[in-house]
Amino acid sequence: MTTRGFTLFPTAIGICGIAWSERGVLGLHLPDTDGSDTRARLARRFPGAVDSEPPAAVQQAIDAITALLDGRRVDLSAVALDMEALPPFHRRVYDAARRIPAGRTRTYGEIAAEIGEADARAVGQALGHNPYAIIVPCHRVLAAGGQAGGFSAPGGVQTKLRLLAIERARPHGEPDLFD
């Protein structure tokens, strides 16, 4: 049996929750806009997970997520993820999204082309089921023409725009503010 745990941690945008297994992070929960109980939500979302102290690798991920949400340039691509239960297509989409650096954006169509998928909507649907918000930076993926598109995390598109503002994001191809 896989050992599972979860914990809550404060960030600049509110209390986030993270769950893990021996293989890596199972999911990240952004703050709820309605004040619902994040702890209870994580326990329901990850059956068998126990509220506990995170192992060193998960604590490093928490520290990096916190730094990113404080506006610092952080690369989360090395955070180990437990994707065992995910469909192969979602894994490919998430891997492509993880290659988008902080402060940059791409479109659903660009991600689709990168992974050899003709349907940008399928990419959007996969990102809509992203259990690793921020670690798999679905907020950096926009609709055609630079439109925000959707965002399934608490707060919806407003949260997406807030995350992009924290990162001082630029559309793909525009000069990077950090260069």
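Above: the structure in question.
Attention here is on the structure that accompanies the text. (Residues numbered from 1 in each chain as written. Predicted model: local features only at pLDDT ≥ 70, side-chain atom pairs only at ≥ 80, totals over all residues. Heavy atoms only, no water.)

## Considerations on the packing of helix α3 (residues 88-98) against helix α5 (residues 120-128)
Now for step 1: Between α3 and α5, whose axes approach to 9 Å, the crossing angle comes to 90°. As summarised for this structure, α3 and α5 are arranged roughly perpendicular, according to the angle between their axes. In this structure, α3 contributes F89, H90, V93, Y94 and A97 to the contact, and α5 contributes A122, V123, A126 and L127.
Now for step 2: When the residues that make up the contact of α3 with α5 are grouped by side-chain class, the tally is eight nonpolar, one polar and no charged. (Axes fitted to C-alpha atoms, helices over the stretch in contact; angles between N-to-C directions. Helix = DSSP H or I, 4+ residues; strand = E, 2+ residues; numbered from the N terminus. Parallel < 35°, antiparallel > 145°, perpendicular 65-115°, else oblique. Contact = heavy atoms within 4.5 Å. Nonpolar A, V, L, I, M, F, W, Y, C, P; charged D, E, K, R; others polar.)

## Here we look at the sheet that holds strand β4 (residues 50-51)
Now for step 1: Taken together, four strands build an open sheet; the order of strands is β3-β2-β1-β4 and the sheet is mixed. Looking at strand neighbours, the two that pair on one side only are β3 (24-29) and β4, the edges of this open sheet.
Now for step 2: Contacts between helix α2 (residues 56-69) and the sheet are confined to β1 (5-11), β2 (14-21) and β3, with β1 contributing the most and set at about 25° to the helix. (Pairing = 2+ DSSP bridges.)

## Describing the packing of aromatic side chains
Now for step 1: Applying the stated criterion to the full structure yields one aromatic pair.
Now for step 2: Look at Y94 and Y132: their rings are 6.2 Å apart centre to centre, the planes differ by 85°, and that puts the pair in the edge-to-face class. Separated by 38 residues along the polypeptide, Y94 in helix α3 and Y132 in the loop between α5 and β6 (141-142) bring together distant segments of the chain.
Now for step 3: On the basis of relative accessibility, which here comes to 0%, the residue Y94 falls in the buried class.
Now for step 4: Classification of Y132 as buried rests on a relative accessible area of 1%. (Phe/Tyr/Trp six-rings, centres within 6.5 Å; stacked < 30°, edge-to-face > 60°. Buried < 20%, exposed > 50% of the residue type's maximum accessible area, 1.4 Å probe, protein only.)

## Quick word on helix α4 (residues 108-115)
Now for step 1: Along α4, the residues classified as buried are Y108, I111, A112 and I115. In a view along the axis of α4, the buried residues occupy a sector of 100°, so they form one face of it.
Now for step 2: Looking one or two residues beyond α4, the residue adopting positive phi is G116, at roughly 80°. (Arc of directions from axis to C-beta.)

## So, the pattern of salt bridges
Now for step 1: Under the defined criterion, the tally for this structure stands at nine salt bridges.
Now for step 2: Close ionic contact of R39 with D51 constitutes a salt bridge, the shortest N to O distance being 2.6 Å. Here the residue R39 occupies a position in helix α1 (residues 38-45), and D51 occupies one in strand β4, the gap between them amounting to twelve residues.
Now for step 3: Judged by its relative accessible area of 39%, R39 is partly exposed.
Now for step 4: We classify D51 as partly exposed; its relative accessible area is 37%.
Now for step 5: Ionic pairing is found between R99 and E114, a salt bridge with its closest N-O pair at 2.4 Å. Remark: E114 occurs in helix α4 and R99 occurs in the loop between α3 and β5 (106-107); sequence separation between them is 15 residues. (Salt bridge = Lys/Arg side-chain N within 4 Å of Asp/Glu carboxyl O.)

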